[in-house]
Amino acid sequence: MSLPIYQRVAVTDAGDIIPGAEYTVINENTGLAEPIYSNRAGSSLKSAPYFADSAGVIQFYIAAGTTYRVAASGGVGSYTDRYVYAAYAQETTTDQTLGRILEVGAFGLG
């Protein structure tokens, strides 16, 4: 099964993009670094340190069921995204698997 993706632009509270920000991914429950991957299959583990791209984009894949935080910092400031929950999206608009995120158009039957 493919892994959920995290993809966001690191910005300060003032809205300034943090290009090339160095970031960490910490499991909120354990306080330890959480393994992240560079591909959806989870076959390519990323090695720390991690960096956003020149546009401040942070992108990685992480095991479903993980609650984590992403903290980034760079020349213009810092960014923290807390209590992010990694979940699988529905496979189809009628997928009823518990814990799945609703797909666009999945408004129920009937």
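One can find the structure itself at the top, above this paragraph.
A. Molecular detail of the nonpolar core. Membership of the largest hydrophobic core comes to 18 residues, with the highest contact counts inside it found for Y23, I58, F60, Y68 and V70. Counting only elements with at least two residues in this core, the list comes to β2 (22-27), β4 (57-61), β5 (67-74) and β6 (77-85). A per-element tally of this core places β5 first, with 3 residues. Here Y68 is in contact with Y6, V25, I26, N27, E28, F60, I62, D81, R82, Y83, V84 and A86, once residues within four sequence places are set aside.

B. Broad picture of the pattern of salt bridges. Tallied over the entire structure, the rule returns 3 salt bridges. Notably, a salt bridge pairs R8 with D81, separated by 2.9 Å at the nearest N-O pair. Of this pair, R8 sits in strand β1 (residues 5-9) while D81 sits in strand β6, and the two are 73 residues apart along the sequence. Assessed through its relative accessible area of 17%, D81 is described here as buried. Between E28 and R82 there is a salt bridge whose closest N-O contact spans 2.7 Å. Taken as a pair, E28 in the loop between β2 and β3 (50-51) and R82 in strand β6 lie far apart in primary sequence, 54 residues in all. Through salt bridges that share partners, E28, R69 and R82 make up one connected network.

C. Representation of the environment of S47. Residue placement: S47 occurs in the loop between β2 and β3. Looking at S47, the relative accessible area reads 59%, which means it is exposed. Sequence separation between S47 and I36 is 11 residues, and the spatial gap between their C-alpha atoms is 8.3 Å.

D. Up close: the pairing of β5. Across 6 bridges, the pairing between β2 and β5 is antiparallel. In the sheet register, V25 faces β5, and the bridge partner there is V70. Across 7 bridges, the pairing between β5 and β6 is antiparallel. By the bridge assignment for β6, T67 is matched with Y85. Linking β5 to β6, which pair antiparallel, is a turn of 2 residues.

E. Layout of the sheet that holds β6. Taken in spatial order, the 4 strands line up as β3-β2-β5-β6 in an open sheet, and their pairing is antiparallel. Whereas interior strands pair on both sides, the edge strands pair on one side only; in this sheet they are β3 and β6.

About the thresholds
Once a new chain begins, its residue numbering starts again from 1 and follows that chain's sequence as written. The predicted origin of the model limits local features to residues at a pLDDT of at least 70 and limits the giving and counting of side-chain atom pairs to 80 or more, whereas totals for whole chains, interfaces and linings rest on all residues. Excluded from the side-chain calculations are hydrogens and water; all other atoms, namely the structure's heavy atoms, are used. Residue types Ala, Val, Leu, Ile, Met, Phe, Trp, Tyr and Cys, when buried and joined through side-chain atoms within 4.5 Å, form a set referred to as a nonpolar core. Exposure categories follow from relative accessible area, calculated using a 1.4 Å probe and restricted to protein chains: below 20% of the type maximum is buried, above 50% is exposed, and the middle band is partly exposed. In this description a helix means any DSSP run of H or I spanning at least four residues, a strand means any run of E spanning at least two, and both kinds are numbered starting from the N terminus. Contact between two residues is taken to exist if any of their heavy atoms lie within 4.5 Å; hydrogens are not considered. For this document, the term salt bridge refers to a Lys or Arg side-chain nitrogen within 4 Å of an Asp or Glu carboxyl oxygen. One bridge is not enough; two strands pair if DSSP finds at least two bridges between them.

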